[in-house]
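Single-letter residue listing:
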Amino acid sequence: MKNRIKELRTSKGLKQTELAGKVGVRRETIVHLENGRYNPSLNLAYDISRVFDLTIEEVFHLKST
């Protein structure tokens, strides 16, 4: 799953630690999400999307195989 977390986070001037605090995860989780090494739960995807005031689909994209 691809995502726009890093792009959106930097455009809002948020540090990884700040985003992690807003959605209730560790900074390392944000790092793994941004690097594509971790797919979020539906709840986490929703929480991240809410931080950016976007839909889940606007933040996360399924990779085409």
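Because the structure is predicted, anything quoted here is derived from the model rather than measured.

The rules behind each value
- Residues numbered from 1 in each chain as written.
- Predicted model: local features only at pLDDT ≥ 70, side-chain atom pairs only at ≥ 80, totals over all residues.
- Heavy atoms only, no water.
- Helix = DSSP H or I, 4+ residues; strand = E, 2+ residues; numbered from the N terminus.
- Contact = heavy atoms within 4.5 Å.
- Buried < 20%, exposed > 50% of the residue type's maximum accessible area, 1.4 Å probe, protein only.

J.: So what exactly am I meant to see when it comes to the environment of Ile5 here?
T.: Its place among the elements puts Ile5 in helix α1 (residues 5-11). Along the backbone, Ile5 and Leu19 are 14 residues apart, and their C-alpha atoms lie at a distance of 9.6 Å. Not counting residues within four places of it along the chain, the set of residues in contact with Ile5 comprises Leu19, Leu33, Glu34, Ile48, Phe52, Val59 and Phe60.

J.: Help me understand helix α3 (residues 27-34), please; the structure alone is not making it clear to me.
T.: Two residues of an α-helix separated by three or four positions point the same way, owing to the 3.6 residues in each turn. Residues Thr29, Ile30, Val31, Leu33 and Glu34 constitute the buried set of α3. Check the buried side of α3 and you find it contacts β1 (2-3), α1, α2 (16-23) and α4 (42-51). Trailing α3 by a residue or two, Gly36 shows a phi angle of about 75°, which is positive.

This is a description of form; function is not addressed.
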